[in-house]
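# Structure at a glance
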Amino acid sequence: MNDGGGGSEGGGGVPAKTTAEIDLTDLPTVSAYVPGEKDYDPTKSREDTRTFLAVSFAVLLGIVVIGSGIILALWPDRVEVFEKYLTMVFAPLLGLVGTVSGFYFGEKSAEKKQGR
């Protein structure tokens, strides 16, 4: 009795592999280029990213400074603990903001000199 469970003669429910030649010459071609549009220029995207990073870090620094003032006004007895916090957070953040803003304005200056 054959239960269809194997063998090399096509049993087991596995279809036989066949190959067929397909003509793809009739298909329309797809192009990302649209006539009349300009080529992609990454300058705008790059400038938007630089601006976003510079503003984000400046806002973050402002939040830390204002938040620190509020916390010190509400809990003046915890100045020693807060001083350690500011040493750990404020100094590196100020360094990051300085680096990001220096890069941002340095690139702006370089672009103006090149006439972009």
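The structure this text deals with has already been given above.
I will try to describe carefully the structure that is included in this document. (Residues numbered from 1 in each chain as written. Predicted model: local features only at pLDDT ≥ 70, side-chain atom pairs only at ≥ 80, totals over all residues. Heavy atoms only, no water.)

Each helix and strand counted, the protein has two helices and zero strands in total. Across the 116 residues that make up the protein, the buried fraction comes to 10%. Partitioning the contacts of the protein with sequence separation of at least 6, the portion at a separation of at least 24 is 73%. Accessible area for the protein stands at about 10,200 Å²; split by element, carbon and sulfur atoms hold 63% of it. (Helix = DSSP H or I, 4+ residues; strand = E, 2+ residues; numbered from the N terminus. Buried < 20%, exposed > 50% of the residue type's maximum accessible area, 1.4 Å probe, protein only. Contact = heavy atoms within 4.5 Å. Areas by Shrake-Rupley, 256 points an atom, 1.4 Å probe, with all protein chains shown as cover.)

This part covers the side chain of Glu 47. Considering the arrangement of structural elements, one finds Glu 47 in helix α1 (residues 43-74). Sequence-distant contacts of Glu 47, that is, excluding residues within four places in its chain, are made with Tyr 104, Lys 108 and Glu 111.

Another point: the pattern of salt bridges. In the structure shown here, the tally under the stated rule is two salt bridges. Two residues, Lys 44 and Asp 48, come together in a salt bridge whose shortest N-O distance is 3.2 Å. Taken as a pair, Lys 44 and Asp 48 lie in helix α1 at a separation of four residues, close to a single helical turn. A relative accessible area of 58% places Lys 44 in the exposed class. A salt bridge links Glu 47 to Arg 50; its shortest N-O distance comes to 3.9 Å. (Salt bridge = Lys/Arg side-chain N within 4 Å of Asp/Glu carboxyl O.)

With 32 residues, α1 extends 46 Å from end C-alpha to end C-alpha; this agrees with the ideal 46 Å at 1.5 Å per step. On its buried face, α1 sits against α2 (79-114). (Expected span 1.5 Å × (residues − 1).)

Assignment of secondary structure puts Arg 50 in helix α1. Not counting residues up to four positions away in its chain, the partners in contact with Arg 50 are Phe 103, Tyr 104, Glu 107 and Glu 111.

Across its 36 residues, α2 extends 50 Å between first and last C-alpha, which sits within 8% of the 52 Å expected from 1.5 Å per residue. In the structure, α2 departs most strongly from a straight axis at Leu 86, where the bend amounts to approximately 35 degrees. Where α2 is buried, its residues contact α1. (Bend = angle between axes of the 7 residues up to and from the residue.)

Turning next to a nonpolar patch on the surface. Together, Val 65, Ile 66, Ile 70, Ile 71, Leu 74 and Trp 75 make up a nonpolar patch on the protein surface, roughly 580 Å² of accessible area in all. Note that Ile 70 resides in helix α1. Look at Ile 70 and you get partly exposed, because its relative accessible area is 48%. (Patch = residues over 30% accessible without salt bridge, like charges linked within 9 Å, V, L, I, M, F, W, Y side chains within 5 Å.)

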